[in-house]
Amino acid sequence: KKSGIGIGGQCSGTMRFCASLLVAPAAYTPLSWDEAYPQAAKLVAQMTMEEKYGMMSGIGWTNYVLNKWWYVGNLPAVERLGIPSVNMQDAAGGFRTYWDEIIGTVTCWPSLLSMAATWDVDTMHEFSVALGQEFAGKGANTILGPSINVHRVARNGRNFEYLSGEDPFLGGKLAEQYVAGVQSQGVMTVMKHFVFNNQETNRGSEDSVVEDQTAWELYYPPFQAAVDAGVSGTMCSYNQEDGDYSCSNNRRLNEDLKGKMGFRGFVQSDWGATHATSVTSGLDMDMPMVNDPLFQPAALSQVPEKAIDEAVTRTLAAMVRMGVMNSTKCTPPACNDYFVKDVRGNHAAVALQAAKEGVVLLQNEGGVLPIGAGVVSIAVIGSAAVAQAYNPAHGAWDQGDYYSGGGSGHVTASDPVSPLAGLKARAKTAGIQVIESTTDDIYAAQQAAAQADVAIVVAGTTSGESQDRPNLILDNNADQLIAGVATAAKKTVVLTMIPGAVVMPWRARVDAIATLFLGGQETGTAFAAVVFGDHGPTGRLPVMLPETEANTVEPSWDGQVTYSEGMKTSYRNPKFKAAFPFGHGLAYTNFSFSAPAAASCAKGVCVTTTITNTGAAPGVAVPQAYVEFPKEANHPAPLLKGFKKTKVLQPGASEKVTFELGDRELSYWDKDWVKAGSAVVHVGASSKDFRGKVTVTTAEVVVV
């Protein structure tokens, strides 16, 4: 798909929104791998061994400290051959504000988990184009993303970074758009973290043991989708797999990734994740933060030259393919002008639209939202309503805030719109009084709530890299605050800013709940747009919100972490009870689904249903298709294999939706992909709200 954004920010296509962006060249079209490889091989043939070795070990760090005006990852230029430096920057969700000078020059985007909550490939693509523009504008020719691990552990500190949420199909469809969008700006993408890096607890040593069906059907598909979309690189992870470290794992890197998946780009280590000179095991470059001998000339000289050539060819092929030979702007450390350049353009509009699309309305008893004409006053309650941005340059590197999670994926927002600021600005235009109680004192909150027509409690929690969350509870005793307000308020609305799953023991006591998965700099404006009905809720849950923490997989402190549950995570575990299920999200209206029908089509089988707005307000539906495979597939539940987002449907309006199911969507893993002879396709509004079904076979289509 081509970007809808071209020179001067002109828009085309069928996007639901369009914002003027930085003036940028027309979208770059990567070469094919078959075109790039011969050019790369010619360059390798002219390189000295020292030059080849230089392409295999990152530079720019001194004893765990990044040198000023270097990118997080750097490979040296080979000027005599016209090979530029490789300039890699964190992170997948935004240009890392490593130094104070960068803050205010880049966008603090919604987290990738918030992007997953949009369930919207068009929004994902537009975000990715803008993201690529910012990285290119900063002189980076490589982005360390997308982050696409499927969530296993609800308390994983990095879940906010992971685009897949809890589902491989959702992650795969969004990863395709990420790769296409970013690379349309001539920036190489690096998918991560490969593989089974599903908890931060003991991440540098734990040994993940995963059987093949679970690997291929649950954890590999987003990576496969990125490979198919033309991703340039892969980052291997800190953990072990089956007794071998990820970056030394021949089975995972050579057999699975480069072999069965057909990945043709380069494999790089995470920073400090290399434990051996593992070139022949599939590692093409090491990214150290200290003087690491493992990929230095003395060690690399012991590796067969054929393996060295293959590794360097992979890197150069990606560079040739993406045009960075001619587009790279600077060589560190002479990049300071680009680091301090303001590259935001009008990206605030893109960030706002993406944040609005990702707001998930979980509950709306009595139609308390949107706030209507009868409301004279609202109370905005909780310290989270005035949350500040956090700058890790002056504190703990792995701490996050309520706009951006912590660690290498953190972007410090220069002037985030807090929930209070967003709600006050919108209330002013409606002539509605705002009563503030922005401490977490329950008595003061109750006093404020009693004076208002609607009490809005804002609560949150965050997380960061290097450690898992201690629990799934909101910060600052918010559970008690919410329960206390509910006893005093006429109507209670709760807005949450969260990095992943949380528990909501108070949900039956309140009227409405809406959530954002760390929504970036435009959080307050996005919440206000939904609360006041300017934007009908369009987000859907990319994760299950459990009734209790017992309905999740917890991080393990064992040295060997066996994925004994197999595919029984999230909605796929019939024993897990959800407060709000995967795929759930309300609109300000209701929708009916016609009985699904199936027929043969170019891709394989097409299942259609007609969505009708049966309510009184405009709205967007997100119909979903879950495939129930035959018993021999050994699946615990029907699996998501299709989703669509309708246009805005006016009351009484309808839209026909088609789910295209090809061989991959109708296949399961049994030593290899096996196409099911028949399957039942359930169509509905969430993983627990099926509205109809149709049985399909490879020979004929039978409607049930």
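This text gives an overview of the structure that appears in the document. Nothing here was measured: the structure is a model prediction, and the numbers come from that model.

Once that is clear, we can look at the sheet that holds strand β15 (residues 454-460). By way of backbone hydrogen bonds, the strands of a sheet pair with one another, either parallel or antiparallel. Pairing within the open sheet is mixed, and its 6 strands lie in the order β12-β17-β16-β15-β13-β14. Edge strands, defined here as strands with exactly one partner in the open sheet, are β12 (360-364) and β14 (433-437). The sheet shows a mean angle of 20 degrees between the axes of neighbouring strands, taken without regard to direction. Pairing of β15 with strand β16 (residues 492-497) involves 6 bridges; the strand directions are parallel. Looking at the pairing, Ile456 lines up with Val493 of β16. Across the sheet, helix α14 (residues 419-430) touches β13 (377-381), β14, β15 and β16, and the angle it forms with β14 is around 160 degrees.

We now examine the state of the cysteines. Inspection of every chain in the model, using the stated rule, returns 3 disulfides. What pairs with Cys236 in a disulfide is Cys247, and their sulfur atoms sit 2.1 Å apart. With the S-S bond torsion at 110 degrees, the cross-link from Cys236 to Cys247 turns out right-handed. Placement of Cys236 in strand β8 (residues 233-236) and of Cys247 in the loop between β10 (244-245) and α8 (250-260) is noted, with a sequence separation of 11 residues between them.

This part covers the packing of aromatic side chains. Tallied over the entire structure, the rule returns 26 aromatic pairs. Taking 5.5 Å as the distance between ring centres and 80 degrees as the angle between the ring planes, the aromatic pair formed by Tyr219 and Tyr563 counts as edge-to-face. Of the two residues, Tyr219 sits in helix α6 (residues 212-219) while Tyr563 sits in the loop between β19 (560-562) and β20 (578-580), which places them 344 residues apart along the sequence. With respect to burial, Tyr219 and Tyr563 carry one shared label: buried. An aromatic cluster is built from Phe194, Phe196, Trp216, Tyr219, Tyr220, Phe223, Tyr563, Trp669 and Trp673, whose rings are joined through pairwise contacts.

Rules used throughout
Residues numbered from 1 in each chain as written. Predicted model: local features only at pLDDT ≥ 70, side-chain atom pairs only at ≥ 80, totals over all residues. Heavy atoms only, no water. Pairing = 2+ DSSP bridges. Helix = DSSP H or I, 4+ residues; strand = E, 2+ residues; numbered from the N terminus. Axes fitted to C-alpha atoms, helices over the stretch in contact; angles between N-to-C directions. Contact = heavy atoms within 4.5 Å. Disulfide = S-S within 2.5 Å. Phe/Tyr/Trp six-rings, centres within 6.5 Å; stacked < 30°, edge-to-face > 60°. Buried < 20%, exposed > 50% of the residue type's maximum accessible area, 1.4 Å probe, protein only.

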